[in-house]
Amino acid sequence: MEDKILLAHGSGGKLSHDLIESFLPDLANPILDRLDDSAVFEASGRLAFTTDSYTVNPIFFPGGDIGRLAVCGTVNDLSMSGAGPLYLSLSFIIEEGLPVAELKNILNSIREAADEAGVKIVTGDTKVVNQGTADKLFINTAGVGILPEGVDISASNARPGDIIIVSGNIGDHGIAVLSQREGLEFKVPVPSDCAPLNRLVAEMLTESSNIHCLRDPTRGGLATTLNDFATQSNIGINLEEDKVPVDKAVLAACELLGFDPLYIANEGKLVAVVAPADAERILDRMKQNKYGNRAAIIGDVVNVHPGQVVMKTSLGASRIVDMPVGELLPRIC
Amino acid sequence: MKFVEEYRDPELGKKLLERIHRRSHKPARLMEFCGGHTVAIFKHGIRQLLPGNIEMLSGPGCPVCVTASADLDRAIALADLPDVIVTSFGDMVRVPGSRSSLQQIKAEGADVRIVYSVQDALGIARGNPDKSVIFIGIGFETTAPTIAASVLQAEQEGINNYYVLSLHKVCPPIMKALLDLGEVRLDGIVCPGHVSAIIGSYPYQFIPDDYNIACAISGFEPLDILLAVDMLVEQIESGQPKIEIAYRRGVRPEGNVQAIRLMETVFEPAEANWRGIGTVPSSGLQFRPQYEKFDAGKQFDISPGPALEPKGCICGSILRGVSTPLECKLFRKTCTPENPVGPCMVSAEGSCATYYHYGDSHGR
Amino acid sequence: MCLAIPALIKSINGYQAEVDIEGVTREISLQLTPEAEVGDYVLLHTGYAISIIDPAEAEETLKLLRELSEAS
């Protein structure tokens with residue numbers, strides 16, 4: 001095998017065939033191994049279906065890479081509707097010149113993440129594009145899962161009185177990725193939190209059927225997710241600054257660059273809006289899972305200031321937590 | 001975080017607020033000069049918690065907000081030149097100039113890179129000897145010495161493809177100009193903490209001496225700001241204005257002598273164009289003749305076109321403390337963070353952006 | 001208007017220093033504070049130390065804050 005991906009690897013001929021053959025052992029499962037044009041499987045019940053594309057730069061970062069991100073992101077999208085994820089599709093758009101060794105490492109991460117989540121990659125595609133027309137590697141996925149009976153989780157289901165729980169420290173992923181960017185060289189001891197949350201969600205659902213909303217606060221961070229809930233459910237959210245868990249190194253990195261951790265992406269966390277009677281129970285159950293061990297109650301849903309998220313500051317005043325605008329840029333002032 | 005968390009103690013904060021409520025009787029119109037203070041005050045909800053006789057006004061201490069359209073147009077025109085890499089702090093990238101922005105011109109193919117430190121810009125110059133690397137120099141006296149240090153370092157290392165567009169401004173002259181304009185009657189000024197770490201407290205002496213206005217140099221944590229407000233209240237109640245340092249762990253009366261020396265080695269005072277205020281003598285920094293070879297303004301031939309200020313934008317009077325964003329007809333309607341008309345909305349510490357993000361419709 | 005945060009100097013090499021802020025590390029310049037030493041806390045602004053934090057003054061300020069809060 002060549003050591004760099006060439007245009008020919010995407011053209012369908014022998015080189016393409018060789019490349020795919022080299023992927024297969026990493027992802028092997030009976031459906032994929034048939035290598036038919038479509039993956040054929042049986043599924044019954046209510047299905048959840050999601051798609052996503054991953055263009056993260058850099059493609060390797062502390063705690064993960066674009067491959068792990070792709071699997072976890074898709075698994076999590078399905079989990080946030082309460083579905084048990086089953087099958088994923090995986091589509092690569094590779095920039096000519098990408099070292100094969102890097103692709104192999106990414107495939108390895110994909111396999112590990114898929115194994116951990118218990119999902120199978122059942123169909124895929126590979127394209128190679130000219131240098132400069134893709135940033136090293138883009139990944140697109142789609143995912144299918146099955147919703148257990150009676151599960152109805154939606155951003156529009158929040159009700160006044162509900163309790164808001166976050167599954168752990170916020171801001172880890174965004175800061176880990178930023179620390180690798182040119183011009184911002186700093187080292188953070190906290191890696192990306194990129195992780196599949198399907199088992200955590202399944203455990204929460206066995207504990208209570210009164211989980212109203214679930215979302216993983218990815219781009220735009222916790223603030224965006226809470227604003228989405230407030231808007232879609234037409235309720236107000238009260239948040240307590242002191243209760244939001246943030247790792248002190250992540251907080252320090254945010255202070256350094258002029259960021260607010262509420263707006264930084266997370267890839268292994270979820271926010272849940274639950275009925276008040278079940279909140280403590282759900283919280284305790286979450287803490288028993290390694291991806292929920294720093295879970296905390298951070299606020300509640302109210303029937304005032306609909307559509308707005310208001311945060312009580314440590315001094316006891318309140319201020320609005322708005323949606324972020326555009327890309328977060330580091331600042332000196 | 002050491003030297004930070006201790007100054008966020010909510011119990012001490014509440015007690016200090018109680019004390020301010022007890023001791024403040026006279027009307028006190030205070031200007032927080034610095035954009036960073038405006039943000040901190042909103043973030044912690046301090047405005048809401050102060051007694052009604054204390055009014056807080058934002059000032060022009062936002063380097064981004066006060067950068068004139070014409071100057072931003074020059075930065076954008078430089079980015080458009082062939083074989084040029086423009087490096088900038090993130091703050092400037094989205095600010096609209098007359099026709100474009102650094103972000104926009106980057107999307108159109110210009111090589112514009114965001115850096116955290118001017119040292120990174122020097123690194124880019126070292127790594128790209130066949131290109132001209134231009135750093136957009138914004139900031140007050142906190143930042144100008146770092147830019148000066150980078151120029152001296154470039155000279156020492158023989159880096160000959162590094163340039164700076166100096167849009168730096170200095171504080172005491174603009175404070176004087178604002179007070180001379182006489183548009184707003186001020187009782188006290190919360191002075192910028194990090195500018196003061198460089199210039200010390202002596203440069204502000206003219207404010208209590210000649211204008212009878214109370215001054216306190218403040219840090220940025222809630223207790224720092226409340227301490228400064230408490231000091232100002234005491235000065236106002238006793239009728240004895242002076243310049244006090246509330247941020248003693250970072251600011252010495254003589255400032256940072258080495259930093260001032262570096263700044264004065266490379267730069268000299270010059271007239272500067274302040275958005276919404278106009279030209280103010282000796283309020284900016286230009287390269288001294290012996291460092292002109294680093295001056296992007298002199299070394300490159302650009303014609304940025306006529307400067308246009310956006311219609312209806314009252315950033316100018318907001319920066320002078322004459323109006324608040326709530327009085328602007330465009331605020332929240334046509335001027336929003338997604339669609340900013342003026343720099344006060346784009347800059348993360350601009351008054352308008354701060355009111356929009358943190359305050360309710362009463363700006364509290 | 002100028003973001004600066006306290007950072008602990010871990011090691012110095014000429015005018016460059018390695019600092020630690022709650023576990024975040026970065027190389028910075030001491031050109032503005034050449035007298036800074038390992039173990040000092042400095043105010044870090046855009047990759048330069050702009051001032052050495054005086055721990056005695058920091059403590060004095062805390063004391064003052066406590067006194068003011070007690071006084072009636």
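Residues numbered from 1 in each chain as written. Chains lettered and ligands numbered in written order. Predicted model: local features only at pLDDT ≥ 70, side-chain atom pairs only at ≥ 80, totals over all residues.

*Asks:* Could you give an account of the interface of chain A and chain B, with specific residues and numbers?
*Replies:* Taken residue by residue, the interface counts 22 residues in chain A and 38 residues in chain B. Only helix H8 (248-257) and strand E13 (318-320) of chain A provide two or more residues apiece to the side of chain A that touches chain B. Looking at side-chain class alone, the side of chain A that touches chain B contains 11 nonpolar, seven polar and four charged residues. (Contact = placed C-beta atoms within 7 Å. Helix = DSSP H or I, 4+ residues; strand = E, 2+ residues; numbered from the N terminus. Nonpolar A, V, L, I, M, F, W, Y, C, P; charged D, E, K, R; others polar.)

*Asks:* Account for the pairing of strand E4 (residues 84-95) of chain A, with residues named and values stated.
*Replies:* Residues and elements named next belong to chain A. One ladder, built from 10 bridges, connects E4 with strand E6 (residues 137-147); its direction is antiparallel. By the bridge assignment, Phe92 is partnered in E6 with Ile139. Note that E4 and strand E5 (residues 120-129) share nine bridges and pair parallel. Considered in E5, the bridge of Tyr87 is made with Lys120. Note that the unit made of E4, helix H4 (residues 100-117) and E5 has a crossover that is right-handed. (Pairing = 2+ DSSP bridges. Right-handed = clockwise from strand over helix to strand, strands pointing away.)

*Asks:* Lay out the packing of helix H6 (residues 118-127) of chain B against helix H7 (residues 144-157) of chain B with the relevant residues and their values.
*Replies:* Residue and element names in this part refer to chain B. Where H6 meets H7, the closest approach of the two axes is 9 Å, and the angle between their N-to-C directions is 25°. Classified by the angle between their axes, H6 and H7 sit roughly parallel to one another. Between H6 and H7 lies a crossing of right-handed hand. Residue-level inspection shows Val118, Gln119 and Leu122 of H6 in contact with H7, the latter providing Thr146, Ile147, Ser150, Gln153 and Ala154. The residue inventory of the contact of H6 with H7, partitioned by class, reads four nonpolar, four polar and no charged. (Axes fitted to C-alpha atoms, helices over the stretch in contact; angles between N-to-C directions. Parallel < 35°, antiparallel > 145°, perpendicular 65-115°, else oblique. Left-handed = near helix turned anticlockwise from the far one by under 90°.)

*Asks:* Go over the interface of chain C and chain B with me, naming the residues and quoting the values.
*Replies:* On the side of chain B, 42 residues touch chain C, which itself brings 33 residues to the contact. Put simply, the parts of the chain that give the side of chain C that touches chain B at least two residues each are strand E1 (5-13), strand E4 (41-45), strand E5 (48-52) and helix H1 (55-70) of chain C. Looking at the side of chain C that touches chain B element by element, the count peaks at nine residues for H1(C). In the side of chain C that touches chain B, the residues fall into 19 nonpolar, nine polar and five charged.

*Asks:* Describe the nonpolar core, with residues and values.
*Replies:* Judged by nonpolar contacts, the single largest core of 261 residues is most densely connected at Ile165(A), Ala253(A) and Ala272(A). If one sorts the elements of this core by residue count, helix H11 (residues 222-238) of chain B sits on top with 10 residues. Once you skip the residues sitting within four places of it in the chain, Ile165(A) turns out to touch Ala272(A), Val274(A), Ala279(A), Ile282(A), Leu283(A), Met286(A), Ala295(A), Ala296(A) and Ile297(A). (Core = buried A, V, L, I, M, F, W, Y, C linked by C-beta atoms within 7 Å. Buried ≥ 20, exposed ≤ 12 C-beta atoms within 10 Å, placed from the backbone.)

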